[in-house]
Amino acid sequence: MIAATVTGSVWATRRIDGLPNGAFLEVEAGGSRFVAFDVLGSGIGERVLVAQGSVVANWFTGPTPPVDALIIGSIDTDSMGTDKPARTTKSR
């Protein structure tokens, strides 16, 4: 599991059949940026938990879509006791 910050939305006007409802979001963790699939409605600036790999594949029911990073939670308070920042923009 990775703690990351949502940095932007990725707009895809065409998607393969079989993807559940959700959004592609760009996230940053440890200086690296990557795209994660979001079914929670996370917003830009929000701290999130991201799962990757086979754990993600097992979350989906039916045929497994080609998603290798999934936002699985919203971080309310980090280890320093800092409250989660207010959302700056809603992702969808």
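Look up a bit, the structure's there.
Residues numbered from 1 in each chain as written. Predicted model: local features only at pLDDT ≥ 70, side-chain atom pairs only at ≥ 80, totals over all residues. Heavy atoms only, no water.

**Student:** What is the right way to look at the overall build of the protein in this model?
**Tutor:** If you tally the helices and strands in the protein, you get 1 helix and 7 strands. The order of helices and strands in the protein, counted from the N terminus, is β-β-β-β-β-α-β-β. If you take every contact in the protein between residues at least 6 apart in sequence, the share linking residues at least 24 apart comes to 53%. For the protein, the exposed area adds up to about 5700 Å²; of that, 53% sits on carbon and sulfur atoms. (Helix = DSSP H or I, 4+ residues; strand = E, 2+ residues; numbered from the N terminus. Contact = heavy atoms within 4.5 Å. Areas by Shrake-Rupley, 256 points an atom, 1.4 Å probe, with all protein chains shown as cover.)

**Student:** Would you mind going over the side chain of Asp-38 with me for this structure?
**Tutor:** Topologically, Asp-38 is positioned in strand S3 (residues 32-38). Taking relative accessible area as the criterion, Asp-38 reaches 0% and is therefore assigned buried. Here Leu-40 takes part through its backbone nitrogen, which lies 3.1 Å from a polar atom of the side chain of Asp-38. A distance of 3.0 Å separates a polar side-chain atom of Asp-38 from the backbone nitrogen of Gly-41. (Buried < 20%, exposed > 50% of the residue type's maximum accessible area, 1.4 Å probe, protein only. Polar contact = N/O pair within 3.5 Å; in protein donor to acceptor, adjacent residues only side chain to side chain.)

**Student:** Is there a simple way to explain the pattern of salt bridges in this structure?
**Tutor:** Close approach of charged atoms lets side chains of opposite charge pair. Overall, the coordinates contain 2 salt bridges when judged by the stated rule. Residues Arg-33 and Glu-28 are paired through a salt bridge, measuring 3.5 Å at the closest nitrogen-oxygen approach. Of the residues examined, Arg-33 reaches a relative accessible area of 52% and is grouped as exposed. In this structure Glu-28 comes out as partly exposed when scored by relative accessible area, which is 30%. When salt bridges with common partners are traced through the structure, they connect Glu-26, Glu-28 and Arg-33 into a single cluster. (Salt bridge = Lys/Arg side-chain N within 4 Å of Asp/Glu carboxyl O.)

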